[in-house]
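A look at the structure
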Amino acid sequence: MDLVESGKRLHVAFQDTPGWSDDINTVQYLRKMTQFVLEQRAKDYKLMAGARALDEVAMCGQLRHSITACLYFITPHRLKKVDVIIMCALSQLVTVIPVIAKADTMTETELMTYRQQVCATLQDPSVVAASNTLPALCFNNFGLQHKVLSGLDVAPDHLPLALITSRDTESMTNPNLLGALGLRQTDFKQPVRRYRWGAAYAFNHEHSDLLLLKRLLLGDKVGSLYALLDESYRRYVEFCQQYEDAGQQVPVLVQTAAASSTPYLDYEDYRNAKTAVESAQQAMKILMAENKALLEKLKLLQAAKKQLAERDNGNATTNGHGNKGTTAN
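What comes next concerns the included structure. Residue indices begin from 1 for each chain and proceed along its sequence in written order. Per-residue local features are limited, in this predicted model, to residues with pLDDT of at least 70; the limit for side-chain atom pairs, both in listing and counting, is 80 or more; totals at the level of whole chains, interfaces and linings are taken over all residues. Derived side-chain values reflect all non-hydrogen atoms in the structure, with water molecules and hydrogen atoms excluded from consideration.

Examining the pattern of salt bridges
A side chain with one charge can pair with a side chain of the opposite charge if their charged atoms come near. Each salt bridge in this description consists of a side-chain nitrogen of Lys or Arg and a carboxyl oxygen of Asp or Glu lying within 4 Å of one another. On inspection of all chains with the given rule, the structure shows seven salt bridges. Among the salt bridges present, the one from arginine 115 reaches aspartate 209, with a minimum N-O distance of 2.8 Å. Of the two residues, arginine 115 is situated in helix H4 (residues 108-123) and aspartate 209 in the loop between strand S8 (198-201) and helix H7 (210-218); the sequence distance between them amounts to 94 residues. Exposure remark for arginine 115: the relative accessible area of 7% places this residue in the buried category. Glutamate 231 serves as the salt-bridge partner of arginine 235, at 3.1 Å between the closest nitrogen and oxygen. Here arginine 235 pairs with glutamate 231, and both are found in helix H8 (residues 224-245), just four residues apart, close to one helical turn. On the accessibility criterion, arginine 235 (5% relative accessible area) is buried. Only DSSP runs of H or I reaching four residues or more are called helices, and only runs of E reaching two or more are called strands; each is numbered from the N terminus. Note on classification: 1.4 Å probe, protein chains only; a residue is buried when its accessible area is under 20% of the maximum for its type, exposed when over 50%, partly exposed between these limits.

Here is the structure:
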């Protein structure tokens, strides 16, 4: 989509990437994500022939491929350790903005408590990922700088932003909301989640922070977008030197970038794999016990069948002798 801000036309694109889900090999997932971010920067390096001497104002919006920010969606109610590790790793390469999904599954009190928990964990990741031998994890918090938040009238305790969305839609004709969305049409479909007791709307600020996220990412005369672009260019400049030192080999940078976090994920992958194996072994033991019990029952049934057959044969022989005796008389 194209965006006009302060007389400049910017082309904004969103790249959807699948989450790690239930994948046991989270190390491989992190490397893929890291590789994608670095390869995009390498494209800009080649496009600009390695140039990086211009100031941030001149370079604003000139990086056509580099990732400006990463929206990292986290599950409600519980922040997973794997998500903390991956966010810490990615935050060293790109601005990471945590976002709470399915906000309508929490009460106001639950959401406030969860926000505090997420912020405290990202400020000190050792709370969930501590080690005496591995480097301490660190979350680069630029995306939540106070100057950006103050321009958006967002209090620090309102982070991370919490969103809802839906495939179901409903017509929206409120001119104020349409104006906030930057839309000129008089009728617009907004996502809505309907329940027996009411409905939750994605564009209602009391239900979701979607409009606030739009202002943060796409600008709203507050400079948040330019702050993100300036940070992206600063990271690009750092990348250029690292890229040249690595002989312009992205895999080398991927290995370096993931080195501080993969040991934590290696342990998580090992633990998950161990748990999966133990669960499979336990299921196998149960299955073997059930099979043994079935075999015992089958043996008993076969023995009973044999006894019944022998008894029937004995009765048939007895009846045969009796008939012969009667005939002789």
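Points about the nonpolar core
What makes a nonpolar core is a set of buried Ala, Val, Leu, Ile, Met, Phe, Trp, Tyr and Cys residues whose side-chain atoms join them at distances within 4.5 Å. One finds Tyr72, Ile74, Ile86, Met87, Leu90 and Val96 to be the most contacted residues of the largest nonpolar core, which totals 59 residues. Residue assignment for this core shows that the elements contributing at least two residues are helix H1 (26-47), strand S3 (69-74), helix H3 (81-91), strand S4 (95-100), H4, H8, helix H9 (250-258) and helix H10 (262-328). Residue contacts are defined here by distance: any two heavy atoms, one from each residue, within 4.5 Å place the two residues in contact. Beyond its immediate chain neighbours, meaning those up to four positions away, valine 96 contacts Cys70, Tyr72, Met87, Leu90, Ser91 and Phe139. Listed in part, the 14 residues of the second largest apolar core include Leu161, Leu163, Leu212 and Leu228.

A short note on the side chain of aspartate 83
Considering the arrangement of structural elements, one finds aspartate 83 in helix H3. For the buried aspartate 83, no salt bridge exists, and the shortest N-O distance to an oppositely charged side chain is 5.7 Å, to lysine 80. Excluding its chain neighbours within four sequence positions, the residues that come into contact with aspartate 83 are Trp20 and Tyr72. For the purpose of counting charges, residues Lys and Arg are taken to be positive, whereas Asp and Glu are taken to be negative. His and the chain ends are not included.

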